[in-house]
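# Notes for the structure review
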Amino acid sequence: MSQDYPDATSIAASVRSQEVSARSVVTAALARIVNQNPSLNCFTSILAEQALADAEVVDQAITQGKDPGPLAGVPFGVKDLFDIAGLTTLAGSKINAERPPATRDATLVTRLKQAGAILVGAQNMDEYAYGFVTENSHYGASRNPHDLQRMTGGSSGGSVASVAAGLVPLSLGSDTNGSIRVPASLCGIFGLKPTYGRLSRAGTYPFVHSLDHLGPFARSTRDLALTFDLLQGTDADDPACTNRPPVATLPELTKGIDGLRIAIADGYFTKGAEPHVLAAVEAIATVLGATRQITIPEAHRARAAAFIITGSEGSNLHLNDLRQRPQDFDPATRDRFLAGALIPASWYLQAQRFRSWYRDQVRALFNTVDIILAPATPCSAPLIGQATLVLDGEEMPLRPNIGLYAQPLSFIGVPIVAVPVQCPGGLPIGVQIIAAPYNEGLALRVAAFLESKGAVAALVPTWKPLK
């Protein structure tokens, strides 16, 4: 087990066997956070006292011969839109800081704690999850562990940076238009956006009810699958949560890819990308023996419709504050919300109608293929403060376009695993492994095969965390 980058499965095994104590694991994690968070700015709150107390409970359970859970002693963090009992849920905003503390944990936080994991803090994000950069005007920018001058992506930037830097082995984030896959791609770790409704959103601050997903980050497919399995389950407190029973994905990881029909998304998903991005997809396809290409129809319109739904629903949630205290918003967030508030209702309705049609078209593709490959972002991590990027020779605004390939897929809620590939120059890039609804196990199975072949792996940052 690496001292700089211990994985969750190894930590839990060592704690359960009493090779190490949960308290010592958590103490080491807190020390890493204290030392490195000033540089990375990935945590907005550190729960040292509570984390050590929770670790003591795990150690006592083991001493008493009780089962401490499959994630015994594993430190984790959560994006600061998850409720944490006793802590105000900021959701990256100044306005929410005036709200009272949460009275109980979010459902997914509770489930990880019940599995023995130890929550060590809340993590930085774009204000109200409306962004792809985690350059927050209230709490500062999170920085990419591979190059501190570069962005993490967002809006789950703090959650991803903490795992990429080895501060914690697991974290939880959210994905509305790509906020799991974009930062996972730019920071070089694994991220899972499950099927829409597969994981409970109860106890989290919403952004867009029609599109919000929650999911985990990890440095291996094994940790990702284990965490996802523990998070599954019905929840009456989230009306969008599916009633499907949990399905274990961890046993799927060793099944290989024999018999799987794998295709590469062409057309829209090849336009605008930097050459090394398409080369990464091609390299993954080669390892998988995939040569077939497939067209996801009308992806450009899906992205446009996603913008309309996002702007309309997102702004509606904040209309009162937009009227009464616009100066207290992050200016970039405020302007997008104000624009969203002006969207005609007829546009929103038409976008939702198109969404239903588009969902049926994409689902039909999975009658002939099992997995679709696509890039996660059109480029590797831009510099913090960078305002534009070049797509197909045209200079475009960076903030909306970094999610170019993620938005059309969040739009219909299919499950996706983002896997990390190393680019020339040492920066990471992500590839999306896309499956049909409720087939997370299949996407994780392909990711695990790639990991076993050395084609994908969480990248070790050139900036080394202190031990």
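Quick look at the structure, then. (Residues numbered from 1 in each chain as written. Predicted model: local features only at pLDDT ≥ 70, side-chain atom pairs only at ≥ 80, totals over all residues. Heavy atoms only, no water.)

### A word on the overall build of the chain
Of the regular secondary structure elements, the chain holds 15 helices and 17 strands. For 467 residues, the compact-globule formula gives about 23 Å, and the C-alpha radius of gyration of the chain, at 21 Å, lands near that figure. Split into buried and exposed, the 467 residues of the chain put 62% on the buried side. Considering only contacts in the chain between residues 6 or more positions apart, those separated by 24 or more positions represent 77%. For the chain, the exposed area adds up to about 17000 Å²; of that, 52% sits on carbon and sulfur atoms. Across the chain, the mean location of the 38 positive side-chain charges is 3 Å away from that of the 41 negative side-chain charges. (Helix = DSSP H or I, 4+ residues; strand = E, 2+ residues; numbered from the N terminus. Rg over C-alpha atoms; globule rule 2.2 N^0.38 Å. Buried < 20%, exposed > 50% of the residue type's maximum accessible area, 1.4 Å probe, protein only. Contact = heavy atoms within 4.5 Å. Areas by Shrake-Rupley, 256 points an atom, 1.4 Å probe, with all protein chains shown as cover. Lys, Arg positive; Asp, Glu negative; His and termini not counted. Charge placed at Lys NZ, Arg CZ, Asp CG, Glu CD.)

### Digging into the sheet that holds strand 10 (residues 213–218)
One open sheet holds the 11 strands; their spatial order is 1-3-2-8-10-9-16-17-13-11-12, and the pairing between them is mixed. With partners counted over all chains shown, the strands left at the sheet margins are strand 1 (43–46) and strand 12 (292–294), one partner each. Each neighbouring strand pair of the sheet contributes to a mean axis angle of 30°, computed without reference to strand direction. Inspection of the sheet shows strand 8 (residues 170–175) paired to strand 10 by six bridges, in the antiparallel sense. Opposite aspartate 175, over in strand 10, you have histidine 213 as the bridge partner. The sheet contacts of helix 8 (residues 275–288) involve strand 11 (262–265), strand 13 (371–375), strand 16 (416–422) and strand 17 (428–434), and relative to strand 13 the element is tilted by about 155°. (Pairing = 2+ DSSP bridges. Axes fitted to C-alpha atoms, helices over the stretch in contact; angles between N-to-C directions.)

### Let's talk about the packing of aromatic side chains
Applying the stated criterion to the full structure yields 13 aromatic pairs. Considering the side-chain rings of tyrosine 128 and phenylalanine 329, the 6.0 Å spacing of their centres and the 55° angle between planes classify their relative orientation as tilted. Taken together, the residues tyrosine 128 in the loop between strand 3 (118–123) and strand 4 (135–136) and phenylalanine 329 in the loop between helix 10 (319–324) and helix 11 (331–341) connect sequence positions 201 residues apart. Side by side, tyrosine 128 and phenylalanine 329 carry an identical accessibility label, which is buried. With a centroid separation of 6.3 Å and 75° between ring planes, the pair formed by phenylalanine 329 and phenylalanine 337 is classed as edge-to-face. By relative accessible area, which is 2% here, phenylalanine 329 ends up buried. A connected cluster of aromatic rings, assembled from ring pairs, spans Tyr128, Tyr130, Tyr205, Phe207, Phe329 and Phe337. Above the ring of tyrosine 438, the side-chain terminus of arginine 244 is found at 3.7 Å from the ring centroid. For arginine 355, the ring lying beneath its charged end belongs to phenylalanine 411, and the centroid distance is 5.9 Å. (Phe/Tyr/Trp six-rings, centres within 6.5 Å; stacked < 30°, edge-to-face > 60°. Lys NZ or Arg CZ within 6 Å of the ring centre and 35° of its normal.)

### As for helix 8
Here helix 8 is 14 residues long and its end C-alpha atoms lie 20 Å apart, about the 20 Å a rise of 1.5 Å per residue gives. Contacts made by the buried residues of helix 8 are with strand 11, strand 13, strand 16, strand 17 and helix 15 (440–452). (Expected span 1.5 Å × (residues − 1).)

### Digging into the state of the cysteines
Here, disulfide denotes a covalent bond that connects the sulfur atoms of two cysteines. Under the defined criterion, the tally for this structure stands at zero disulfides. No disulfide involves cysteine 423; its sulfur sits 9.7 Å from the nearest other cysteine sulfur, which is in cysteine 379. (Disulfide = S-S within 2.5 Å.)

### Looking at empty space enclosed by the protein
A water-sized probe, rolled over the atoms, reveals where empty space remains. Applying the stated criterion across every chain yields a total of one cavity of 30 Å³ or more. Lining the largest cavity are Pro194, Thr195, Tyr196, Gly197, Leu199, Arg201, Asp212, His213 and Leu214. Split by residue class, the lining of the largest cavity holds four nonpolar, three polar and two charged. (1 Å grid on protein atoms, 1.4 Å probe; cavity = no way out; pocket = protein on both sides within 12 Å on 5 of 7 lines; lining within 4 Å. Points joined across faces, edges and corners; volume = space filled by probe spheres on them. Nonpolar A, V, L, I, M, F, W, Y, C, P; charged D, E, K, R; others polar.)

### Points about unusual backbone geometry
Cis rather than trans, the peptide bond between glycine 154 and serine 155 has omega equal to 10°. By secondary structure assignment, the location of serine 155 is in the loop between strand 7 (147–151) and helix 5 (157–164). A positive phi angle is found at glutamine 18, which is not glycine, with a value near 65°. Within the secondary structure, glutamine 18 is located in the loop between helix 1 (8–16) and helix 2 (22–40). The class of glutamine 18 is exposed, set by a relative accessible area of 55%.

### Section: the pairing of strand 11
Residues Ile262 and Ile264 line one face of strand 11 and the alternating positions Ala263 and Ala265 line the opposite face, and both faces are buried. Across three bridges, the pairing between strand 11 and strand 13 is parallel. What sits directly across from isoleucine 262, in strand 13, is isoleucine 371. Both strand 11 and strand 12 contribute to a ladder of three bridges, which runs parallel. Note that in strand 12 the partner of alanine 265 across the bridge is isoleucine 294. In this fold, strand 11 hands off to helix 8, which returns the chain to strand 12; that crossover is right-handed. (Right-handed = clockwise from strand over helix to strand, strands pointing away.)

### Some points on the nonpolar core
Generally speaking, nonpolar side chains in soluble globular proteins are found buried as a group. Core analysis: the largest hydrophobic core is formed by 148 residues, its most contacted members being Leu373 and Phe411. By residue number, the principal contributor to this core is helix 15, which donates eight residues. Leaving out residues up to four positions away in the same chain, leucine 373 has contacts with Ile262, Ala263, Ile264, Ala265, Val281, Ile284, Ala285, Leu288, Gln432 and Ile433. (Core = buried A, V, L, I, M, F, W, Y, C linked by side-chain atoms within 4.5 Å.)

### Topic: the packing of helix 7 (residues 221–231) against helix 15
Each pair of packed helices can be summarised by the angle the axes make with each other and by the distance between the axes. Contact geometry of helix 7 with helix 15 gives a least axis separation of 9 Å together with a crossing angle of 160°. Considering the angle they form, helix 7 stands roughly antiparallel to helix 15. Here the hand of the crossing between helix 7 and helix 15 comes out left-handed. Along the contact surface, helix 7 presents Thr221, Arg222, Leu224, Ala225 and Phe228, while helix 15 presents Glu440, Leu444, Ala447, Ala448 and Glu451. (Parallel < 35°, antiparallel > 145°, perpendicular 65-115°, else oblique. Left-handed = near helix turned anticlockwise from the far one by under 90°.)

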